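Tertiary structure, described
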Amino acid sequence: MTGEKYQEMYLQMVLNNQERYKEDYKKTVESVASSTAIYKGKPVPFLYNPMFFSKKEEEDLEWIGKMMMEIGESVTDRYIQDEDFRKKFGFPDFIERMILRENKYGVHVPIGRFDVFYGDRENFKFCELNTDGSSAMNEDNTIGKILLRSRAMEDFVKEHPVRNPELVETWVNESIKIYKKWDNTGRKPRVAIVDFTESGTSAEFQLFKETYEKAGYSCIIADPRDLKYMDGGLYHQDYRIDLVYRRIVTFELIEKYEQARDFVDAYMDDAVCVVGTIRSQVIHNKIFFKILHDQDTLEGLEEGQREFVKRHIPFTGIFQGEEEVFEEVLLNKDKYIIKPMDMNASQGVYPGRDFREDKWESILKDTFNKDFIYQEFVDPYQREFVVYEDGRFKKESLGSIVGIFMYNRKYSGLYTRLGKNNIISGVTDYYCAPNMIANT
């Protein structure tokens, strides 16, 4: 049975028993509002409805994540070995040096969330790869736990047992395993979760801090501008850091490089274990999808990987250069979406079909030759979900994007966002839908 079939059964159960679940829905809203599922100071939007997957579908998503990880590692290896290949990416010199610095723990992408428009094993396309500051574990798990205590889910799981994959404690354990490859002395690391204060997800950071501490490790949350590299170590005041859980995104490190020099210098001297390394930028930057389609890149992949790229990576081009490029995107606005090469939270993303011709032309003039890509637009796969409006439950068709979490090269869980719009992200109207995997 597919996840969509589980969804249909859940939806009918709620719609046919409105009075049984209305008050419980209101209590669930209150529970989320008082939880750690907070984004930019507000409760994370959610539905009284998880995202269901069958075990087989979870296995398919695990396969998708592993294939993408293998391709990403292969391309990163080539980046490290091939000076001419590196020129395709156009990274600043200091970022290139950080990528090329030897990685003692041997994992190019220690943590990532690969976002996919997923229908089934044959029908899916990637949206983007988040390997810098991968987030939203707290949203899924916190709301998932609350939903599992709701009356509707308690009724449903009596006949259809499900599980919500754990994402926070799992990462803490994997990050310690990675650290032990970096330092095999058996020393217990002192941990710092590092991000610029104005950009960090404070509620999620606090949950990770508490989880490290519960596992027996000291942990602080620190801004890289407050760190000092001295006496051969990286310090926050008198706290010497052994393990940095890096939540800094690389584009922001580039912008604020001079303010974070001590962090960068400690990184380059291998004075602290940074999980993950800046090598993850190779596949995080959106130019990666364009480079994957280059003939010389495809020739360096195995046959199955080449077919995977051709079928599941949307066509991507650099939005600069010849006038023909501009005209192609201008005259085919419903076919394309414009994205900056390296920003997060869907900043600067423009789907052509969202705009009139005159506005689209204005956007293109503003973004041409300015580090943007143009990409094949992919319609999100739709399902019907339960929404609560005007005092009643009703069903509504929503698009979905599924994030596949990969920790230390292993599949670890999922994060799903739902929405009505052509962009489904935390800066648009969206819902978080915790993922429930059927046990049978």
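The structure displayed is predicted, hence computed values, not measured ones.

1. Digging into the pairing of strand β15 (residues 336–340)
Where burial is concerned, most of β15 is hidden: 5 out of the 5 residues are buried. Bridge count for β15 against strand β16 (residues 350–351) is 2 bridges, and the pairing is antiparallel. By the bridge assignment for β16, Ile337 is matched with Pro351.

2. Observations regarding the sheet that holds strand β10 (residues 233–236)
Spatial ordering of the open sheet is given by β9-β10-β11, a layout of 3 strands whose pairing is antiparallel. What marks the edges here is a single partner per strand, and that holds for β9 (227–230) and β11 (239–241). Put simply, the sheet's adjacent strands are angled 40 degrees from each other on average, direction ignored. For β10 and β11, the ladder comprises 3 bridges, and the chain directions are antiparallel. Note on β11: the bridge partner recorded for Leu234 is Ile241. Where helix α11 (residues 261–268) meets the sheet, it contacts β9 and β10, and its direction lies at approximately 45 degrees from that of β9.

3. Side note on the nonpolar core
In terms of nonpolar packing, the biggest core is built from 72 residues, with Met68 and Phe126 touching the most fellow members. When residues of this core are assigned to their parent elements, the largest contribution, 8 residues, is made by helix α3 (residues 55–81). In terms of nonpolar packing, the next biggest core, distinct from the first, is built from 59 residues, Tyr21, Phe46, Phe205 and Tyr212 among them.

4. Remarks on the packing of helix α16 (residues 323–331) against helix α17 (residues 357–367)
Angle between the axes and distance between the axes are the two parameters that describe a pair of packed helices. Axis separation between α16 and α17 bottoms out at 10 Å; the angle between their running directions is 150 degrees. Classified by the angle between their axes, α16 and α17 sit roughly antiparallel to one another. Here α16 runs over α17; the crossing is right-handed. Contact with α16, carried on its side by Phe326, Val329 and Leu330, involves Trp360, Glu361, Leu364 and Lys365 of α17 and no other residues of that element. Along the lines of polarity and charge, the residues of the contact of α16 with α17 split into 5 nonpolar, no polar and 2 charged.

5. Concerning the packing of aromatic side chains
Counting across every chain of the model gives 35 aromatic pairs. With 5.7 Å between their ring centres and 70 degrees between their planes, Phe85 and Phe89 make a pair best called edge-to-face. You'll find Phe85 and Phe89 in the same group, each marked buried. Where Phe355 meets Trp360, the ring centres are 6.4 Å apart and the plane angle is 15 degrees; that geometry is what we call stacked. Given a relative accessible area of 21%, Phe355 falls into the partly exposed group. In this structure Trp360 comes out as buried when scored by relative accessible area, which is 0%. Every member of this aromatic cluster is reached through a ring pair, and the members are Phe315, Phe319, Phe326, Tyr336, Phe368 and Tyr374. A cation over a ring is seen here: Arg121 above Trp63, with NZ or CZ 4.0 Å from the ring centre. Here Arg383 stacks its cationic end above the ring of Phe53, 5.7 Å away from the centre of that ring.

What counts and how
- Residues numbered from 1 in each chain as written.
- Predicted model: local features only at pLDDT ≥ 70, side-chain atom pairs only at ≥ 80, totals over all residues.
- Heavy atoms only, no water.
- Buried < 20%, exposed > 50% of the residue type's maximum accessible area, 1.4 Å probe, protein only.
- Helix = DSSP H or I, 4+ residues; strand = E, 2+ residues; numbered from the N terminus.
- Pairing = 2+ DSSP bridges.
- Axes fitted to C-alpha atoms, helices over the stretch in contact; angles between N-to-C directions.
- Contact = heavy atoms within 4.5 Å.
- Core = buried A, V, L, I, M, F, W, Y, C linked by side-chain atoms within 4.5 Å.
- Parallel < 35°, antiparallel > 145°, perpendicular 65-115°, else oblique.
- Left-handed = near helix turned anticlockwise from the far one by under 90°.
- Nonpolar A, V, L, I, M, F, W, Y, C, P; charged D, E, K, R; others polar.
- Phe/Tyr/Trp six-rings, centres within 6.5 Å; stacked < 30°, edge-to-face > 60°.
- Lys NZ or Arg CZ within 6 Å of the ring centre and 35° of its normal.

All we've got here are geometric facts, nothing functional implied.
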